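In case you want the letters, here they are:
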Amino acid sequence: MQLDGLSKRTVFLTFFTAGIVQLLILGGSLAKAQGSGQPFTITIAGPTTPVKVGGDCDVQITATNVSNRTIGLLKAVGDQNGFLDYHITILNNGDGKEVARTALGNRVEGKSDIPVHSSYRIVKLKPGEELTLVSSINKIVNLSKPGLYKVQVSRDLPSDLGTGTVTSNTITIQIIQ
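Residues numbered from 1 in each chain as written. Predicted model: local features only at pLDDT ≥ 70, side-chain atom pairs only at ≥ 80, totals over all residues. Heavy atoms only, no water.

Let us look at the overall build of the protein. Across its full length, the protein carries three helices and 10 strands. Start at the N end of the protein and walk to the C end: the helices and strands fall as α-β-β-β-β-α-β-α-β-β-β-β-β. The buried share of the protein, taken over its 177 residues, is 34%. Considering only contacts within the protein whose residues lie at least 6 apart along the sequence, 75% involve residues at least 24 apart. In the form shown here, the protein has an accessible surface area of approximately 9,900 Å², with 52% of it arising from carbon and sulfur atoms. (Helix = DSSP H or I, 4+ residues; strand = E, 2+ residues; numbered from the N terminus. Buried < 20%, exposed > 50% of the residue type's maximum accessible area, 1.4 Å probe, protein only. Contact = heavy atoms within 4.5 Å. Areas by Shrake-Rupley, 256 points an atom, 1.4 Å probe, with all protein chains shown as cover.)

A separate point is the nonpolar core. Within soluble globular proteins, side chains that are nonpolar generally end up buried alongside one another. Counting residues in hydrophobic clusters, the biggest one holds 34 residues, and the most contacted among them are Phe40, Ile88 and Ile137. If we ignore the near neighbours within four places in the chain, the residues touching phenylalanine 40 are Ala63, Thr64, Asn65, Val66, Ile71, Leu73, Arg155, Leu157, Pro158, Leu161 and Val166. (Core = buried A, V, L, I, M, F, W, Y, C linked by side-chain atoms within 4.5 Å.)

The next point concerns the pattern of salt bridges. Under the defined criterion, the tally for this structure stands at one salt bridge. Here glutamate 98 makes a salt bridge to arginine 101, at a shortest N to O gap of 3.2 Å. Since its relative accessible area comes to 16%, arginine 101 is described here as buried. (Salt bridge = Lys/Arg side-chain N within 4 Å of Asp/Glu carboxyl O.)

Read from one edge to the other, the open sheet built from three strands follows the order S1-S3-S7, with strand pairing classed as antiparallel. This sheet does not close on itself; its edge strands, each paired only once, are strand S1 (40-45) and strand S7 (130-136). For this sheet, the mean angle separating the axes of adjacent strands, direction not counted, is 20 degrees. By the bridge criterion, seven bridges tie strand S3 (residues 58-65) to S7 in an arrangement that is antiparallel. Bridge pairing in S7 links glutamine 60 to valine 134. (Pairing = 2+ DSSP bridges. Axes fitted to C-alpha atoms, helices over the stretch in contact; angles between N-to-C directions.)

Quick look at the packing of aromatic side chains now. Each aromatic ring pair is summarised here by two numbers: the centre-to-centre distance and the angle between the ring planes. In the structure shown here, the tally under the stated rule is zero aromatic pairs. One Lys or Arg, arginine 155, reaches over the ring of tyrosine 86 and ends 5.1 Å from the middle of that ring. (Phe/Tyr/Trp six-rings, centres within 6.5 Å; stacked < 30°, edge-to-face > 60°. Lys NZ or Arg CZ within 6 Å of the ring centre and 35° of its normal.)

To continue, consider the confidence of the model for the protein. Confidence along the protein averages 81 in pLDDT terms, with 76% of residues attaining 70 or more. Element-level mean pLDDT values for the protein span from 43 in helix H1 (residues 5-27) up to 98 in S1. Every residue in residues 10-35 is under pLDDT 50, and counting partners more than four places away or in other chains gives 36 contacts. (pLDDT = per-residue confidence, 0-100.)

Mapped onto the fold, leucine 143 is located in the loop between S7 and strand S8 (147-156). As a C-alpha pair, leucine 143 and cysteine 57 span 86 residues in sequence and 8.9 Å in three-dimensional space. Ignoring anything within four residues of it in the chain, the contact list for leucine 143 reads Val53, Cys57, Ile137, Asn138, Tyr149 and Ile175.

Right, let's talk about the environment of arginine 155 for a bit. Within the secondary structure layout, arginine 155 lies in strand S8. In terms of polar contacts, arginine 155 uses its side chain to reach the backbone carbonyl oxygen of leucine 74, at 2.4 Å. (Polar contact = N/O pair within 3.5 Å; in protein donor to acceptor, adjacent residues only side chain to side chain.)

Here aspartate 85 shows up in helix H2 (residues 82-85). No salt bridge is formed by the buried aspartate 85; its nearest oppositely charged neighbour, arginine 155, is found at 5.0 Å. A distance of 2.8 Å separates a polar side-chain atom of aspartate 85 from the backbone nitrogen of alanine 76. Excluding anything up to four places from it in sequence, aspartate 85 contacts Leu74, Lys75, Ala76, Tyr120, Leu133 and Arg155. (Lys, Arg positive; Asp, Glu negative; His and termini not counted.)

Written out as structure tokens, the structure reads:
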């Protein structure tokens, strides 16, 4: 059966909404960690040596449950899909402007008529547990110019955990010829 663009989007949104409802049912209530104000933290780490233009530029993203309760986070299937679970901001250190997105990056950000399809599952994190993913940021932004780039990731709180956004530390990545 062929689906037009609107029908595909409706199907996608239906499954996405079903996943959110499941998260709400499974997640339960949450007591936030004292002092942090957020139930989890995000820490990122990047390459420690310069990356050549056109090379893979992997960023490790770690979410840590700092609350006193088990929490559930939606996660795209696969460990190299961190860009599907987090909003990744990459700024050119020279001018401070956000780096242009690739075609995939535009799809991930919803700036394309072709949506990104992925399966999601709920990962339950007990207090103190971590979920670590890798994101090849060169797949979502154009890193074709040598220079320094500032990277930061963020993620909205699941609705059963409250409202707001959790933001990571900022790292600097060097791209060379």
